[in-house]
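Below, each chain spelled out in residue letters.
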There are 2 protein chains.
Amino acid sequence: MTDAQAGYRLLVAKLRRIARLEETLKLLEWDQATYMPAGARQHRAEQMGVLAEVLHRYRTNPRFLALVDELAEQLGELEPAAAVDVRETKWRTDRLRKVPADLQAARVRAQALARAAWLEAREHNSFEGLCPHLREVVLREREYAQSVAPDSNIYQALLEDYEPGLPLEYIEQIFCELRKPLAQIACSVNELSKTRRKQTTVLRGHFPIHDQRNLSYFVAQQIGFDFRHGRIDESVHPFSISIGTDHRITTRYEETDLRTGLYSTLHELGHALYEQGLDADAHGLPRGMPCSLGVHESQSRLWENFIGRSEGFWRFLLPHASRFLPSLSGVALEAVLIDVNEAAPTPIRTEADELTYNLHVLLRYELERKLVNLELRVEELPEAWRHGMEQLLGVTPTSDREGVLQDIHWPSGAFGYFPTYTLGNVFAAQIMETAEREIGPLLPQISQGRFSFLLDWLTVQIYRRGQSYRSLALIQRVTGAPPSSRALLDHLHRRFDWWMEHGAL
Amino acid sequence: MTDAQAGYRLLVAKLRRIARLEETLKLLEWDQATYMPAGARQHRAEQMGVLAEVLHRYRTNPRFLALVDELAEQLGELEPAAAVDVRETKWRTDRLRKVPADLQAARVRAQALARAAWLEAREHNSFEGLCPHLREVVLREREYAQSVAPDSNIYQALLEDYEPGLPLEYIEQIFCELRKPLAQIACSVNELSKTRRKQTTVLRGHFPIHDQRNLSYFVAQQIGFDFRHGRIDESVHPFSISIGTDHRITTRYEETDLRTGLYSTLHELGHALYEQGLDADAHGLPRGMPCSLGVHESQSRLWENFIGRSEGFWRFLLPHASRFLPSLSGVALEAVLIDVNEAAPTPIRTEADELTYNLHVLLRYELERKLVNLELRVEELPEAWRHGMEQLLGVTPTSDREGVLQDIHWPSGAFGYFPTYTLGNVFAAQIMETAEREIGPLLPQISQGRFSFLLDWLTVQIYRRGQSYRSLALIQRVTGAPPSSRALLDHLHRRFDWWMEHGAL
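What counts, and at which threshold
- Residues numbered from 1 in each chain as written.
- Chains lettered and ligands numbered in written order.
- Predicted model: local features only at pLDDT ≥ 70, side-chain atom pairs only at ≥ 80, totals over all residues.
- Helix = DSSP H or I, 4+ residues; strand = E, 2+ residues; numbered from the N terminus.
- Rg over C-alpha atoms; globule rule 2.2 N^0.38 Å.
- Buried ≥ 20, exposed ≤ 12 C-beta atoms within 10 Å, placed from the backbone.
- Contact = placed C-beta atoms within 7 Å.
- Pairing = 2+ DSSP bridges.
- Axes fitted to C-alpha atoms, helices over the stretch in contact; angles between N-to-C directions.
- Least-squares fit on C-alpha atoms with pLDDT ≥ 70 in both.
- Core = buried A, V, L, I, M, F, W, Y, C linked by C-beta atoms within 7 Å.
- Nonpolar A, V, L, I, M, F, W, Y, C, P; charged D, E, K, R; others polar.
- Parallel < 35°, antiparallel > 145°, perpendicular 65-115°, else oblique.
- Left-handed = near helix turned anticlockwise from the far one by under 90°.
- Expected span 1.5 Å × (residues − 1).

Draft legend 1. A look at the overall build of chain A. Along chain A, the regular secondary structure elements total 20 helices and 3 strands. Its C-alpha radius of gyration of 23 Å places chain A within 12% of the 23 Å reference for a compact globule of 505 residues. With the C-alpha coordinates of chain A rotated into their principal frame, the extents come out at 70 × 50 × 50 Å. Scored against the burial criterion, the 505 residues of chain A give a buried share of 46%. Restricting to contacts in chain A with at least 6 residues of sequence separation, those with at least 24 account for 73%.

Draft legend 2. Spotlight on the sheet that holds strand E1 (residues 230-234) of chain B. Residue and element names in this part refer to chain B. Read across the sheet, 3 strands follow the order E1-E3-E2 without closing on themselves; strand pairing throughout is mixed. This sheet does not close on itself; its edge strands, each paired only once, are E1 and strand E2 (240-242). Looking at each pair of strands side by side, their axes are set apart by 20° on average, direction ignored. Pairing analysis gives 3 bridges linking E2 to strand E3 (residues 247-251), with the strands arranged antiparallel. Considered in E3, the bridge of Ser240 is made with Ile249. Relative to E2, helix H1 (residues 3-34) is tilted by about 150°, and along the sheet it contacts E1, E2 and E3. Sitting on the sheet, helix H10 (residues 258-277) touches E1, E2 and E3, and the angle it makes with E3 is about 170°.

Draft legend 3. Quick look at the relation of the copies chain A and chain B. By a simple turn and slide, chain A fits onto chain B: the slide is 0.0 Å along the axis, the RMSD is 0.0 Å, and the turn is 180°. The two molecules are tied by a two-fold rotation axis, judged by turn and shift.

Draft legend 4. Layout of the nonpolar core. Counting 113 residues, the largest nonpolar core has Leu158(A), Leu269(A) and Leu362(A) as the members making the most contacts within it. Leaving out residues up to four positions away in the same chain, Leu269(A) has contacts with Ala220(A), Ile223(A), Phe225(A), Ile249(A) and Trp303(A). In terms of nonpolar packing, the next biggest core, distinct from the first, is built from 112 residues, Ala117(B), Tyr155(B), Ala352(B) and Leu474(B) among them.

Draft legend 5. Highlighting the interface of chain A and chain B. Contacts between the two partners involve 29 residues from chain A and, on the opposite side, 29 residues from chain B. Put simply, the parts of the chain that give the side of chain A that touches chain B at least two residues each are helix H1 (3-34), helix H2 (41-59) and strand E1 (230-234) of chain A. Residues belonging to the side of chain A that touches chain B are distributed by class as follows: 13 nonpolar, 8 polar and 8 charged.

Draft legend 6. Structural view of the packing of H1(B) against helix H3 (residues 62-72) of chain B. All names here are of chain B. Packing of H1 against H3 leaves a shortest axis separation of 10 Å and a crossing angle of 140°. When the axis of H1 is compared with that of H3, the two are oblique. Taken as a pair, H1 and H3 cross one another with a handedness that is left-handed. Touching Ala4, Gly7, Tyr8, Leu10, Leu11 and Lys14 of H1 are Phe64, Leu67, Val68, Glu70 and Leu71, all from H3. Grouping the amino acids of the contact of H1 with H3 by side-chain chemistry returns 8 nonpolar, 1 polar and 2 charged.

Draft legend 7. Fine view of the pairing of strand E3 (residues 247-251) of chain A. Residues and elements named next belong to chain A. The element E3 is extensively covered by neighbouring structure, given that 5 of its 5 residues are classed as buried. Residues His247, Ile249 and Thr251 point to one face of E3 and Arg248 and Thr250 to the other, with burial holding for every one of them. Pairing of E1 with E3, which is carried by 5 bridges, proceeds in the parallel orientation. Paired with Arg231 across the strands is Arg248, a residue of E3. Between strand E2 (residues 240-242) and E3, which follow one another and run antiparallel, lie 4 residues, and Gly244 among them has a positive phi close to 75°.

Draft legend 8. The arrangement of the sheet that holds E1(A) in detail. Residue and element names in this part refer to chain A. Taken in spatial order, the 3 strands of this open sheet run E1-E3-E2, and their pairing is mixed. Only two strands of the sheet have a single neighbouring strand rather than two, namely E1 and E2. The mean angle between the axes of side-by-side strands here comes to 20°, regardless of whether they run parallel or antiparallel.

Draft legend 9. The arrangement of H10(B) in detail. Its 20 residues give H10(B) an end-to-end C-alpha distance of 28 Å, which sits within 8% of 28 Å, the value for a rise of 1.5 Å per residue. Among the 20 residues in H10(B), 18 count as buried, and that is most of the element.

Draft legend 10. Highlighting the packing of helix H10 (residues 258-277) of chain A against helix H11 (residues 293-307) of chain A. Residues and elements named next belong to chain A. Where H10 contacts H11, the axes come no closer than 7 Å and their chain directions differ by 135°. On the basis of the axis angle, H10 is oblique to H11. Along this stretch, H10 crosses H11, giving a crossing that reads as right-handed. Touching Tyr263, Leu266, His267, Glu268, Leu269, Gly270, His271, Leu273 and Tyr274 of H10 are His296, Gln299, Ser300, Arg301, Leu302, Trp303 and Glu304, all from H11.

Draft legend 11. Expanded view of the environment of Thr34(A). Within the secondary structure layout, Thr34(A) lies in helix H1. C-alpha of Thr34(A) to C-alpha of Thr265(A): the two residues are 231 residues apart in sequence and 15 Å apart in space.

Draft legend 12. Structural detail: unusual backbone geometry. Phi is positive for Leu374(A), close to 60°, though the residue is something other than glycine. Checked against the element boundaries, Leu374(A) lands in the loop between helix H14 (357-372) and helix H15 (381-393).

Read these as spatial facts, not as claims about activity.
So, in structure tokens, the structure goes:
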């Protein structure tokens, strides 16, 4: 065994120990959002704080960092798979160690205060109280960006926390391509909303939670979720989380609207299927980890929107759904499809339909980029938000709660996160086009509940590759073309045309 | 602030950090036993292993130990409460640091192997495969005892892991007092089983789990369990666990026997009520921790047996129980009491009735004491077990699975643990006698569902005192008399006489 090989073995052991601690932190989070009694809140924050500190010490341990540096010099002597692990670990540790300890502490503190202020601001529907805290967060994130990548554009540096190596120009190009056509769609949808529309509310009414739960489990089982390595629970804000090789999702049911629970489940399932498809032998190592947030989101969107709102999916599901929910028997396929593809601009991102969702992201992207570049002052945000909403979506939020206060991302310092939502949609569209090209038309297969052919293809093409490629290179490799927004626009236009034809009187 | 006071403040901060990590480890355990999917087993073991190592490093950190030593020299300068924390921390850290790292590793390894061998031995109903592993565990525990307390009797040293400072002579005396009278009761019960007995099986039949769950929640609520700081879940082996100020219990329902779920719940509730009653301000410090395993067990036995099988309790519960379980309506109180106090010697400890339970413990105590003193060889265990069972209980196990292989304690190295079960019964009886003396007859209060007067008394007398006193001193303080088995024997004789009168034809 060469020195490099021996060093790599040691690195693997160290990375796995770190992964075990990260997973433990995730269990604390999962429990906090699912089963933890309310009285444990303060204590839980402390438990997470202590473990985060332990983790930080492991990640910045001088011997660990020295080993990473040493191996990074010997990349040529390693197997390609090992080289991926070293390359990505080096990239992450380099960023981490550039952040001074006192800056890190100041970030954590500023974000904690801003999140608390955000909760209060939302409650009182007043942006003002959040202002000084958000200003502090912006300044700290700027310092952070300048520390981790002194030679880079600030927003670029922040973006790379979520999309390593992704050039900002690419994001800029995508949003530039999407801006006009999506605003046009939103405009047409708005027009239509004013005239009378077909009222199809077949998925609204009374659907007992217990039956919805059974339906969710059934869907998960059929699509290929592995319950031996996963669970489905419930929480106020649905999420997916991987505690090692134990991939859990949560969903949220509404008794009066079947769509809420079903599409939350499908969205989170998409995330979990990605995690379950990673190379388990490489668990805890970069080549056994998801590529980026954008690619992750592509999988949730793929199952939620591209599959879940398709005709094929409902051809398959409707007869089964009527077994779980007898009130659905006799309902027409078309009525369901109209209901799940309903389009209507709304001021709230998380309630947005597929057609207008990306406009919500675009607004946030433009504002946050200006914010961190100091081209927009924090106190100007509410007005800029209202203006942007009117311009892009033709919708006017009636309050800050319905506007700039709706998301927790900025108080949490997560600048550069929003674009990954749209990246996910862009990637998903392009991946789906390629899948149809390579494995044939999906509709007949999906209509019969055969999902494995698609899941297997995704597993080979994306999941098993972990971080072997960065996101753009991965999409190029999978689809044979550089990522562009063309496929997404085609998809959205098809959906919009269908909806115009069927959804309007 | 004096040096001692400043040092104590620092100690508190360090102890609390350690407590947060201990709680995190407990969450991993809780999840493992409740909601963790089966495929995560291996990973979970690794997560627990890594966290246990981190914890060990914190507990044996040289600066931490130096601080403890320093403060132990300054006890006189501290407030009494602070002195308790220092005294108990010193005692524990002294034990811990005396164990050489390689011995600790050898213990963990030996126990892991023995537990695996035990599972297999049980499955194949063959003690032989366990023998070499158990022998190794015994030898390691001897070494451990000699390390932590070189001048002490080996069994005494092991016992103190569970009952700090408890003299072995006391255990010896208790069992000596109990041996004959209990064996006589067992003998009479056996006699009676041969003649015909009243068959009252009112609590057996069909009781939907969902209804039993509601009954358990109701009972917990009535007794005073705080659901804001606790939960009730289900697991194969019921347990209680405290994740900081978040006190969770699990129970196990059997659809065909109402007693299983109800008494599991009551038992675990007793443990949780103790934890919920600890001084929350002193959380993570010895004076905010339970006194000992024996005192802990006294609380579970108190609610399970002394309260839960009493006439007063069922006078209160029966009308409510019929609301949750309509099949109980019209059932006579006496029939229920016969059913929950049913006595019949069995080879299995966890299925034993209140009258004969302590004989199971006595047998284990005698055997394990001989084992660690090398007065009994591991391979002689099965025969010694059979002989003891016949002598004490008049019952012959038909297999090792029903005999020496039934408990996991020995393969886990837990020698000295079993006696705490009987200590719990002894303490509970004496505590109940005192409670009746101090706050008046319990039956009328309990019959009306008024539990708080008893719970409040226990809280002041026991829970809030944490580790301010060790177990014998605490019992002496609470009851005004040195602990003895007299109260327990009185209680059991009363129960037995009642049962003889009502349970026999």
